[in-house]
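Read off the chains here:
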Amino acid sequence: MREGGQPGEAGAGRQGFAAFVTQHARGLDRLAYLMLGDEHDAEDLAADALLAAWQHWDRVRQADHPLAYVRRILVNEASGHYRRRAREVTLLDRLKFLTTHDTHDPDTAVVIDVRSALLRLPPRRRACLVLRHCFQLTEYEVAETLGVSVGTVKSQTSKAVVQFRQQLGDAASASRKCCRPRRGRPRGRGREAMPVERQDESWIGPLLSQHADRRELDLDAFVDRVMAQADALPGGPAEPAAGSPRIAPKRRRLMPALVAAAAALAVVVAASSVSAVAYWRGRDNRAAVLEASPSPSPSAATRPDTPRPSAVPPSKAPLPPAGNNARRLPTSFQWRSGAPVISPRVDASGVTGLKDASVVYDGGRWHVFVTTVSSAGYGLGYLSFSRWSEANSAPLHSLASSPIGAGFRAAPQVFYFAPQKLWYLIYQSGNLSYSTNPDLNNPNGWSAPKDFYDGVPDLIQRNLDGGGYWVDSWVICDDTTCHLFSSDNRGHLFRSQTAKASFPNGMSQPVIAAQDSGQGTTFAASRVYQVAGTGQYLLLSQAFGGDGHGYLRSWTATSIAGPWTPLADTPAAPFAGAGNITFPAGAWTSDIVRGELIRDGVDQRLTVNPCQLRLLYLGLDRRYQDNRTFQLGLLTQTNSTCH
């Protein structure tokens, strides 16, 4: 039987493609994970490869090896990704990273040793070792994959095993010099868990595999995602040309990507080497009293705006779709987080911290807007990248050089307002302000700030008297109305509205949408989303528990105006907090200070999919006592209710 079945077994049309995705999704995702070393990027890459295959499905299903054809698409793309990363991170930097972090993970010594040993192998030896012992390919298959002779594979694999065994001992010694030894662990060269003195090679495969198999794909959500994106592609699969030959991909063309896979495995196996201890004193959080807010009376004030049309409509984020009757939000949440995806940086402008991220996915790239922290105060910044593993190395563009200008700017929100074909950036500036841009990719294309209100509204001013402050704007629109939320530090959530046809002009005087019975900061950093396929809206807000640690609370409503019903809103059962997040690579924060859900679209409706929520969050790394404490991480929901 040919790999992936006979051509007819790949299936014709959408039904056959869906069956192919269901059958091979886990294997493709595992391959992508080994290549890239990042679980979020792996899902994106596997989905992208399948979608590329769908565009030529009639040709793919007639190939001798349909699965091999899709693998070729996947590994070729991964190869390009790894080459880009290799240019940015030197081997010396990686070795420095693996030897300078203390950890409390009981497997840390093993992880560090394996990673160090792999990284010190020359690329071809590393590829031979991984392909033979982790991928379980024969010597002939490795030779075909790498485009070398079988004799070369035998020689390189043999040398790799000897060097790998030796490097495990060297790495063990190095880790003792930089890492605090554990009690009860012998200090000799034989302390590592790997039988480095044994002459057989049977231990290599399990040793590599146990570090590679670090995640489980949510198959149902992944299949839903791929099929929805396939349906959205214009034109569907292309017909094969008359008399076109069958496609039989050659394994030797996989060489660059599989070499990359071998190197990326070194990154994967060290994923558990980071940990942190966090502590933060704060105010007690008190129960919130939430009621339906009255409809604000419309304001007669209007301000003209002259938007410029966008030439290209935005694309949807690569997330699972909505629309299944079984889709709903759970009553409790579980999450998984890796290491920070965006860490502190220092640039020529003096920026020392990044926080308060807002994110959209458009044109095959992630676009992230952040608050920048420097000695001069708060400002706005912009980063763009194709995969999350590239986020830390993405250039930071200061929006102070755009017409937005310098001065206090903070807490951005970005979305595409479809009726005007304009991107909007909402932010604090002393008032609640906005700027527009016809081209999201041009950080200098934002317009000068305009305010939603003429001064501070009376209701808000009354609640600010005596030392209060006004923060955190947020805009969401339904079919007819756009709503502007904001909050103060005294437990009030405010809401204004204007007709969608008039936006951003004509905002009404605000009303109190919800309020806290205490004097805490329950409604700081509030975000409201439409939950696709459920008829619900979801409200998230920042809060602090009795121990001072930050977490996120949540409520739902059938209308943006409320009333809001608690969903997961306590320190013991939060929407997201230290207690319901697992950190496979080691916990680096105990504070989820604020976060933004990654949307399945980019427009003003702010739609999120309940099948596999992801949250770009601000955590606090308490190893630092300055602006470096701000770290941005990515949560993935692990308890979806979708079937």
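Residues numbered from 1 in each chain as written. Predicted model: local features only at pLDDT ≥ 70, side-chain atom pairs only at ≥ 80, totals over all residues. Heavy atoms only, no water.

**A look at the overall build of the protein**
Then, in step 1: For the protein, the count of helices and strands is 13 helices and 23 strands.
Then, in step 2: Taken across its 643 residues, the protein has 57% of its residues classed as buried.
Then, in step 3: Counting only carbon and sulfur atoms, one obtains 50% of the accessible surface of the protein, whose full area is about 25,500 Å². (Helix = DSSP H or I, 4+ residues; strand = E, 2+ residues; numbered from the N terminus. Buried < 20%, exposed > 50% of the residue type's maximum accessible area, 1.4 Å probe, protein only. Areas by Shrake-Rupley, 256 points an atom, 1.4 Å probe, with all protein chains shown as cover.)

**What to know about the state of the cysteines**
Working definition: the covalent bond between the sulfur atoms of two cysteines is a disulfide.
Then, in step 1: Overall, the coordinates contain one disulfide when judged by the stated rule.
Then, in step 2: With its sulfur 2.1 Å from that of its partner, C477 forms a disulfide with C482. Around the S-S axis, the bridge from C477 to C482 shows a dihedral of about 105° and counts as right-handed.
Then, in step 3: Since its relative accessible area comes to 0%, C477 is described here as buried.
Then, in step 4: Taking the relative accessible area as the measure of exposure, C482 reaches 0% and is therefore buried. (Disulfide = S-S within 2.5 Å.)

**So, the sheet that holds strand β20 (residues 592–597)**
Then, in step 1: If you walk across this open sheet you meet the five strands as β19-β2-β23-β22-β20, and the pairing is mixed. Single-partner strands in this sheet number two, and they are β19 (581–582) and β20.
Then, in step 2: With seven bridges joining them, strand β22 (residues 614–620) and strand β23 (residues 630–637) adopt antiparallel strand pairing. Bridging across to β23, Y617 finds its partner in G633.
Then, in step 3: The sheet contacts of helix α2 (residues 39–54) involve β2 (335–337), β22 and β23, and relative to β23 the element is tilted by about 50°. (Pairing = 2+ DSSP bridges. Contact = heavy atoms within 4.5 Å. Axes fitted to C-alpha atoms, helices over the stretch in contact; angles between N-to-C directions.)

**Regarding the nonpolar core**
Then, in step 1: W335, F452, F503, F575, L597 and L615 are the most contacted members of the largest nonpolar core, which totals 56 residues.
Then, in step 2: When residues of this core are assigned to their parent elements, the largest contribution, five residues, is made by strand β11 (residues 470–477).
Then, in step 3: With residues near it in sequence (within four places) discarded, F575 still touches F333, W335, L538, L540, L552, R553, S554, A568, N580, L597 and L613.
Then, in step 4: Y33, L51, V70 and V223 belong to the second largest nonpolar core, which has 32 residues in total. (Core = buried A, V, L, I, M, F, W, Y, C linked by side-chain atoms within 4.5 Å.)

**Digging into the pairing of strand β12 (residues 481–488)**
Two faces make up the sheet, and in a regular strand the side chains alternate between them.
Then, in step 1: The element β12 is largely enclosed, with a buried count of eight among its eight residues.
Then, in step 2: Here β12 shows a buried face lined by T481, H483, F485 and S487 and a second buried face lined by C482, L484, S486 and D488.
Then, in step 3: Bridge count between β11 and β12: six bridges; the pairing is antiparallel. Note on β12: the bridge partner recorded for I476 is H483.
Then, in step 4: Two successive antiparallel strands, β11 and β12, enclose a turn made up of three residues.
Then, in step 5: Bridge analysis of β12 against strand β13 (residues 492–499) gives seven bridges, and the strand direction is antiparallel. Note that in β13 the partner of F485 across the bridge is R495.
Then, in step 6: Hairpin connection, β12 to β13: the antiparallel pair is bridged by three residues, and G491 has positive phi, about 85°.

**Points about the packing of aromatic side chains**
Then, in step 1: On inspection of all chains with the given rule, the structure shows 25 aromatic pairs.
Then, in step 2: Taking the centre distance of 4.9 Å and the plane angle of 35° together, the rings of F17 and W54 count as tilted. Here F17 is found in helix α1 (residues 13–36), whereas its partner W54 is found in helix α2, with 37 residues between them in sequence.
Then, in step 3: On the numbers, 5.8 Å between centres and 35° between planes, the contact of Y424 with Y434 is tilted. Of this pair, Y424 sits in strand β8 (residues 422–428) while Y434 sits in strand β9 (residues 432–437), and the two are 10 residues apart along the sequence. (Phe/Tyr/Trp six-rings, centres within 6.5 Å; stacked < 30°, edge-to-face > 60°.)

**A look at the packing of α2 against helix α11 (residues 219–232)**
Then, in step 1: For the pair α2 and α11, the least separation of the axes is 10 Å and the interaxial angle reads 40°. When the interaxial angle is binned, α2 and α11 end up oblique. Here α2 and α11 pass one another in a crossing that is right-handed. Residues E43, D44, A46, A47, L50, L51 and W54 of α2 form the contact with α11, whose participating residues are F222, R225, V226, Q229 and A230.
Then, in step 2: Split by residue class, the contact of α2 with α11 holds eight nonpolar, one polar and three charged. (Parallel < 35°, antiparallel > 145°, perpendicular 65-115°, else oblique. Left-handed = near helix turned anticlockwise from the far one by under 90°. Nonpolar A, V, L, I, M, F, W, Y, C, P; charged D, E, K, R; others polar.)

**Thoughts on α11**
Then, in step 1: In a regular helix each residue adds 1.5 Å, so 14 residues correspond to 20 Å; α11 covers 20 Å between its end C-alpha atoms and thus fits that length.
Then, in step 2: With respect to burial, α11 is a largely interior element, 10 of its 14 residues being buried. (Expected span 1.5 Å × (residues − 1).)

**A few points about the confidence of the model for the protein**
Then, in step 1: With 66% of its residues at a pLDDT of 70 or more, the protein shows a mean pLDDT of 75.
Then, in step 2: Note that pLDDT drops below 50 for residues 174–198; the model gives that stretch 43 contacts with residues more than four away or on any other chain. (pLDDT = per-residue confidence, 0-100.)

**Here's the deal with α2**
Then, in step 1: Compared with the 22 Å implied by 1.5 Å per residue over 16 residues, the 23 Å span of α2 between its first and last C-alpha is a close match.
Then, in step 2: Judged by how many residues are buried, α2 sits mostly within the fold: 14 of 16 residues are covered.

**Some details on the pattern of salt bridges**
Then, in step 1: This structure, assessed with the given rule, holds 11 salt bridges.
Then, in step 2: Of the charged contacts in the structure, one is a salt bridge between D472 and R594, with a shortest N-O distance of 3.4 Å. Linking D472 in strand β11 with R594 in strand β20, this pair joins segments that are 122 residues apart in sequence. The pair formed by D472 and R594 is uniform in burial state, with each residue classed as buried.
Then, in step 3: The partner of R605 in a salt bridge is D603, and the shortest N-O contact between them spans 2.8 Å.
Then, in step 4: With a relative accessible area of 39%, R605 lands in the partly exposed category. (Salt bridge = Lys/Arg side-chain N within 4 Å of Asp/Glu carboxyl O.)

**Quick word on unusual backbone geometry**
Then, in step 1: Going from F503 to P504, the amide bond is cis rather than trans, its omega being 5°.
Then, in step 2: The residue P504 is located in the loop between β13 and β14 (511–516) in this model.
Then, in step 3: The residue after G562, namely P563, is reached through a cis peptide bond having omega 0°.
Then, in step 4: By secondary structure assignment, the location of P563 is in the loop between β17 (550–557) and β18 (565–568).
Then, in step 5: For L606, which is not glycine, the phi dihedral falls at a positive 50°.
Then, in step 6: Among the structural elements, L606 can be located in the loop between β20 and β21 (607–608).

**Topic: the environment of V373**
Then, in step 1: In this fold, V373 is placed in strand β4 (residues 365–374).
Then, in step 2: Given a relative accessible area of 5%, V373 falls into the buried group.
Then, in step 3: Counting along the chain gives 19 residues from V373 to L354, while the straight-line C-alpha distance between them is 6.1 Å.

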